[in-house]
Amino acid sequence: VIFYLLLACALLLPRKKPALGLATAALAVWVVAALARAGTAPDLSVMVLKLPRSHPAIVTFQGTRRWLVDPGGSASSVEKALKAGGIARLDKIVLFAPGKGVERAVKRLGEKFSIAEIERRPGDAPLKICSGRVCFIFGPQGPTLSKGGTEYSIMTFLKSGAVDVTTDGIKVQIKHAP
């Protein structure tokens, strides 16, 4: 839209008032679009935690829906991370290798948080969540990030604590979370 307004402005350049009006309209559209983008949550955010025997991920879709992927058997560490993030409700928990320890952890999390759905996947069936050209793939080897056909292991960024990966579907931002 802005391009066409500026093109019309260039064509009408000999007539200063209409050209100025179109240039002002293009500037207004650009400012409104920039302000709208500035106030929105990222399309997809994935926080991966480094725990002794698992690497659970908290996936947030546009700041509203939250999934817990592969929580492992340590409910207390996951519980602390969820509470620190102000999360009281999970829309889904995705389990890859359900066992007694994992089931106990999920039961304990269910006592502390509202959980809408639990999905049990076969251990070899990866979960792929995409936003635009950026995809997160969760599987037995840990979470990976795929952008433009190239895959990157999130584990390489996860030295200790947690790493938070956000994307708008085009750009990716990786931060170490406290």
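Now for a quick tour of the structure. (Residues numbered from 1 in each chain as written. Predicted model: local features only at pLDDT ≥ 70, side-chain atom pairs only at ≥ 80, totals over all residues. Heavy atoms only, no water.)

The subject of this paragraph is the overall build of the protein chain. Helices and strands together make up the secondary structure of the protein chain, namely four helices and 13 strands. By residue count, 37% of the 178 residues in the protein chain fall in the buried class. Contacts in the protein chain between residues far apart in sequence, at least 24 positions, make up 50% of those at least 6 positions apart. When the accessible surface of the protein chain is totalled, it reaches about 10600 Å², and 59% of it is carbon and sulfur. (Helix = DSSP H or I, 4+ residues; strand = E, 2+ residues; numbered from the N terminus. Buried < 20%, exposed > 50% of the residue type's maximum accessible area, 1.4 Å probe, protein only. Contact = heavy atoms within 4.5 Å. Areas by Shrake-Rupley, 256 points an atom, 1.4 Å probe, with all protein chains shown as cover.)

Another point: the packing of aromatic side chains. By the definition in use, this model includes one aromatic pair. Measuring from centroid to centroid gives 4.9 Å for phenylalanine 61 and tryptophan 67, while their planes differ by 65 degrees, and the two rings are edge-to-face. One exposure class covers both phenylalanine 61 and tryptophan 67, and it is buried. The ring of phenylalanine 61 has arginine 65 sitting right over it, with the charged end atom 4.3 Å from the ring centre. A cation over an aromatic ring shows up here: lysine 92 above the ring of tryptophan 67, its NZ or CZ 4.3 Å from the ring centre. (Phe/Tyr/Trp six-rings, centres within 6.5 Å; stacked < 30°, edge-to-face > 60°. Lys NZ or Arg CZ within 6 Å of the ring centre and 35° of its normal.)

To find leftover empty space, one rolls a probe the size of a water molecule over the atoms. Approximately 210 Å³ is the volume attributed to the largest pocket. Lining the largest pocket are 15 residues; nearest its centre among them are His55, Asp70, Gly139, Pro140 and Gly142. The residue inventory of the lining of the largest pocket, partitioned by class, reads seven nonpolar, six polar and two charged. (1 Å grid on protein atoms, 1.4 Å probe; cavity = no way out; pocket = protein on both sides within 12 Å on 5 of 7 lines; lining within 4 Å. Points joined across faces, edges and corners; volume = space filled by probe spheres on them. Nonpolar A, V, L, I, M, F, W, Y, C, P; charged D, E, K, R; others polar.)

Looking only at helix H3 (residues 75-84), the buried set comprises Ala75, Val78, Glu79, Ala81 and Leu82. Seen along its axis, H3 keeps its buried residues to an arc of 165 degrees; they face one direction. Along H3, exposed side chains directed more than 90 degrees from the buried face belong to Lys80, Lys83 and Ala84. Buried residues belonging to H3 abut strand E1 (44-49), strand E2 (57-61), strand E3 (65-69), strand E4 (89-90) and helix H4 (100-112). Of the residues one or two after H3, glycine 86 is the one with positive phi, at around 70 degrees. (Arc of directions from axis to C-beta.)

Turning next to the pattern of salt bridges. Throughout the structure, instances matching the rule amount to eight salt bridges. Here lysine 83 makes a salt bridge to glutamate 79, at a shortest N to O gap of 3.2 Å. Of this pair, lysine 83 and glutamate 79 both sit in helix H3, separated by four residues, roughly a single helical turn. With relative accessibility at 9%, the residue glutamate 79 sits in the buried group. For arginine 120, the salt bridge is made with glutamate 103, and the minimal N-O distance between the two is 2.9 Å. With arginine 120 in strand E7 (residues 118-120) and glutamate 103 in helix H4, this pair connects stretches of sequence that are 17 residues apart. Accessibility expressed as a relative area gives 27% for glutamate 103, which makes it partly exposed. Shared partners join several salt bridges into a network, and the residues in it are Glu79, Lys83, Arg108 and Lys112. (Salt bridge = Lys/Arg side-chain N within 4 Å of Asp/Glu carboxyl O.)

None of the figures reported here should be taken as evidence of function without further support.
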